Structure formats: C-alpha cells, structure tokens
Amino acid sequence: MIDCHVHLWDPADGHPWIRPESPHYRAFTADDLAASGADPVDPADEAADDPADGPVDGSAAAIDGAILVEASRGDVGETDALRRLWLDHPQIILGYVANLHLHADDGVGRFRDLLRELAETRPHGMRLGGPQWEQTPEAARALIPVLADEDVVLELNLGRDAVRVAADVAARHPQLTVVVDHLGNPANLLTEDASGWRADVAYAARHPNVVMKISGLLTQQRGVPVEQVADLARHAVAEFGPQRCLIGSDWPICLPAGTRTQSLRLAERGLAGLSAADRGSVLRGTAERVYQVASRARGLTTIEPLCFDSTDDR
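So, here is what we can say about the structure in this document.

So, how was this worked out
Residues numbered from 1 in each chain as written. Predicted model: local features only at pLDDT ≥ 70, side-chain atom pairs only at ≥ 80, totals over all residues. Heavy atoms only, no water. Helix = DSSP H or I, 4+ residues; strand = E, 2+ residues; numbered from the N terminus. Buried < 20%, exposed > 50% of the residue type's maximum accessible area, 1.4 Å probe, protein only. Contact = heavy atoms within 4.5 Å. Areas by Shrake-Rupley, 256 points an atom, 1.4 Å probe, with all protein chains shown as cover. Polar contact = N/O pair within 3.5 Å; in protein donor to acceptor, adjacent residues only side chain to side chain. Right-handed = clockwise from strand over helix to strand, strands pointing away. Expected span 1.5 Å × (residues − 1). Pairing = 2+ DSSP bridges. Axes fitted to C-alpha atoms, helices over the stretch in contact; angles between N-to-C directions. Core = buried A, V, L, I, M, F, W, Y, C linked by side-chain atoms within 4.5 Å. Salt bridge = Lys/Arg side-chain N within 4 Å of Asp/Glu carboxyl O. Phe/Tyr/Trp six-rings, centres within 6.5 Å; stacked < 30°, edge-to-face > 60°.

### Thoughts on the overall build of the protein
Moving on, step 1. A tally of regular secondary structure across the protein gives twelve helices and eight strands.
Moving on, step 2. When burial is assessed residue by residue, the protein has 52% of its 314 residues classed as buried.
Moving on, step 3. Partitioning the intrachain contacts of the protein with sequence separation of at least 6 by distance along the chain shows that 81% fall at a separation of at least 24.
Moving on, step 4. Of the roughly 12,700 Å² that the protein leaves accessible, carbon and sulfur atoms contribute 51%.

In structure tokens form, the structure reads like this:
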C-alpha cells in the first residue's frame, strides 16, 4: 500500500508549532519512517475484524512507500528540503506535498516559473491549510490557478468546512485535482454527530475532481468505538468511490494515540467488504494516479538544490 500522509521534521529547523513539552518535540527522520512500518498488526485487531466481511489482508503491515507532506517549517526552504528527502530516499518516499503558503509572496508568474524549473522534481502536490478558508492567505489562494494549469494537486487541510470548500474550489477549477486531508476533519463523534459532515461529503462527491484522503482518524476520533470510526471511512468510499479515495497514517502525529500500523489499520476497517480490486484502488491505485508517482522519474540524486529565496529575481 501507499501511505499518503506522513511527515518528517526536526524542531531545530523551525516548526514553531511544535512546543518543547510536546511528545512530537524531537527529530523524525527518514530512518524513523522506514522503521515505523515494521511493527506487527496487533492480534487483537485481527480478532476484531468481522469474518463475514473478509480479512483486511494485513495491508497495514506491508507499506510500499509514502507521500511526504509538509509540516509547517515556516520558511520557503522547506520545499527544497522535502524535495531532497524525496530524491535521497526513493525506496520509502514516493512523492512530496509542499506548503503553498510559503510561496504566497512569489506571485503567479514567479511561482509558475518555479514549478517549471523544478520540472520532474516539482512537488506532487501543494497544501493550503487553516481554521477556515477565509483565514488562508489571499496571495496563496491566488496561486491555485497555476496548480490547475501545471497539473499539480491542491491539498486542503481546513476546519469543518473543508469538504464543502474543496467542492467549491473544484467547481471553479475543473482541471484541478483537490485532495481533502483527514476526511475533511469531522468533529469527534463523542461530542457531535456526523450529519453535517455526511451532507458535505455527498455534495463534494458530485465533483469528479475532488479526492478524499482517509487519514487522521486515530488522532481525531480518539475514544470513539472503532466501528463508528470505520463507518466514516465507509461513507466516504461509498460516496466518492474507491477510485477517488486514498489512505494515510498521519505519522508521526498519530503516535500519542497509537503506531503507524494501528492508524492505517483503523482507516482500513472502513474498506471491509470491498472487492480486492476496489480495496487495491484505495490502498495504492488512486495514489499512483493522483500523485503521478508511478510515472515520475526516480534516481535523480545528483540534482543541485535550487534557490528558494523569495527576493531572488528570476
């Protein structure tokens, strides 16, 4: 399977959101990522699967690679750092998603030039995030048409309006693929029902260029019975179809709640009952198509780092 949502960081490089008292306040390296997929599936998890649905097939223990997602380092150099990690570790990192916010000051023309200069090593996606759409930088939103023109995925990590916003953005830019992170961040089911989220999912599913990422469940739905969590994923797959759904662990964010394998296993519970072909789409095929990781050139380890100084006159 392809784990479509992992992060790497070192607090010494920035990442002001990681506080010293946080369990995340340490470096997470590519070696850590490689080791994180080796933990075995808990037999208790295996026993909890409904035999009538068929086995989940242990896919969470057989990770073929990952999509590396930005972690708000806070400077434009993060894009090149992600790119370098992708180039240096092709066996475990299949693609990378950079931070669109960091290029807001570039302007449309210079941002387009940057993507074209990066060519085969450009980001496989660019992420825009914030509590609400209106709180994202207007100058960053102005770059979205460039993503559509250059065939680069837009990822959205917003508050509870994420799914509906994704549909509206997709409608304005029909050439653009919009990936919604973490099922659109629905509220924890212990505090709120999912009726509003379900309505938004049905609305967004009508737009063929919106893709749903099944991730973040172990953290966001902590304390919720696993079958209720699985039902969220099941609903997304039913509305969007397996060819427009991805799966991700959100490692190492997930670690206070459980391991990378446990996070993926929880997401996979929503796939029970799918055919092998449809499950394969969610676990790998959609990621290959959306991020174009199967067609990207690999082994480009001698490319020199590019300058991302926003004051550079290019």
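Structure's up, so let's keep going.
### Side note on the side chain of Asn185
Moving on, step 1. Summarising the element assignment, Asn185 is placed in the loop between strand 6 (178-180) and helix 8 (195-204).
Moving on, step 2. A distance of 2.5 Å separates the side chain of Asn185 from the backbone oxygen of Leu158, its partner in a polar contact.
Moving on, step 3. A polar contact is formed between the side chain of Asn185 and the side chain of Gln220, at a distance of 2.5 Å.
Moving on, step 4. Not counting the four nearest positions on each side in its chain, Asn185 is found in contact with Asn157, Leu158, Gly159, Arg160 and Gln220.

### A word on the pairing of strand 4 (residues 125-129)
Moving on, step 1. Of all five residues making up strand 4, four are buried, and the element is well covered by its neighbours.
Moving on, step 2. Crossover connection from strand 3 (residues 93-99) via helix 4 (residues 108-118) to parallel strand 4: handedness right-handed.

### Re the environment of Leu102
Moving on, step 1. Within the secondary structure, Leu102 sits in the loop between strand 3 and helix 4.
Moving on, step 2. Leu102 sits 30 residues away from Ser72 along the chain, and the two C-alpha atoms are 8.8 Å apart.
Moving on, step 3. Discounting chain neighbours no more than four positions away, the residues touching Leu102 are Gly74, Asp75, Val76 and Glu78.

### A word on helix 3 (residues 77-88)
Moving on, step 1. If you check helix 3, its first and last C-alpha atoms are 16 Å apart, about what twelve residues at 1.5 Å a residue would give, namely 16 Å.
Moving on, step 2. Along helix 3, the positions that sit buried rather than exposed are Glu78, Thr79, Asp80, Leu82, Arg83, Trp86 and Leu87.
Moving on, step 3. Packing partners of the buried residues in helix 3 comprise strand 2 (65-69), strand 3 and helix 4.

### Some points on the sheet that holds strand 2
Moving on, step 1. The strand order across the open sheet formed by eight strands is 1-2-3-4-5-6-7-8, and the pairing between neighbours is parallel. Two strands bound the open sheet, and with one partner strand each, they are strand 1 (2-6) and strand 8 (245-247). Neighbouring strand axes in the sheet, compared pairwise and without regard to direction, differ in orientation by 25° on average.
Moving on, step 2. Here strand 1 runs beside strand 2; their pairing, made up of three bridges, is parallel. Residue pairing in the sheet places Ile2 in a bridge with Gly65 of strand 2.
Moving on, step 3. Helix 3 contacts strand 2 and strand 3 of the sheet and is inclined by roughly 175° relative to strand 3.
Moving on, step 4. Relative to strand 6, helix 7 (residues 162-172) is tilted by about 175°, and along the sheet it contacts strand 5 (153-157), strand 6 and strand 7 (210-214).

### Notes on the nonpolar core
Moving on, step 1. Among the nonpolar cores identified, the biggest contains 74 residues, and Leu100, Leu147, Leu154, Leu156, Met212 and Ile214 are the most heavily contacted of them.
Moving on, step 2. In terms of residue count, the dominant contributor to this core is helix 7 (seven residues).
Moving on, step 3. Leaving out residues up to four positions away in the same chain, Ile214 has contacts with Leu183, Ala233, Val237, Cys245, Leu246, Ile247, Gly248, Ala267, Leu271 and Val282.
Moving on, step 4. Formed by 14 residues, the second largest nonpolar core is a distinct cluster that contains Ile67, Val97, Leu246 and Val293.

### A closer look at the pattern of salt bridges
Moving on, step 1. Under the definition given, this model contains 22 salt bridges.
Moving on, step 2. Ionic pairing is found between Asp88 and Arg84, a salt bridge with its closest N-O pair at 3.5 Å. Of this pair, Asp88 and Arg84 both sit in helix 3, separated by four residues, roughly a single helical turn.
Moving on, step 3. Residues joined by salt bridges that share partners form a network here, namely Glu70, Arg127, Glu155, Asp181 and Lys213.

### Brief notes about the environment of Tyr203
Moving on, step 1. If you trace the backbone, Tyr203 turns up in helix 8.
Moving on, step 2. Separated by 35 residues in the primary sequence, Tyr203 and Asp168 have C-alpha atoms spaced 9.7 Å apart.
Moving on, step 3. The residues contacting Tyr203, other than those within four sequence positions of it, are Arg164, Ala167 and Asp168.

### Digging into the packing of aromatic side chains
Moving on, step 1. Counted by the stated rule, this structure contains four aromatic pairs.
Moving on, step 2. Taking the centre distance of 5.3 Å and the plane angle of 80° together, the rings of Trp9 and Trp17 count as edge-to-face.
Moving on, step 3. With centroids separated by 5.6 Å and ring planes inclined at 85°, the aromatic side chains of Phe28 and Trp251 adopt a geometry described as edge-to-face. Taken as a pair, Phe28 in the loop between strand 1 and helix 1 (30-36) and Trp251 in the loop between strand 8 and helix 11 (260-268) lie far apart in primary sequence, 223 residues in all.
Moving on, step 4. Overall, Phe28 belongs to the buried group, its relative accessible area being 4%.

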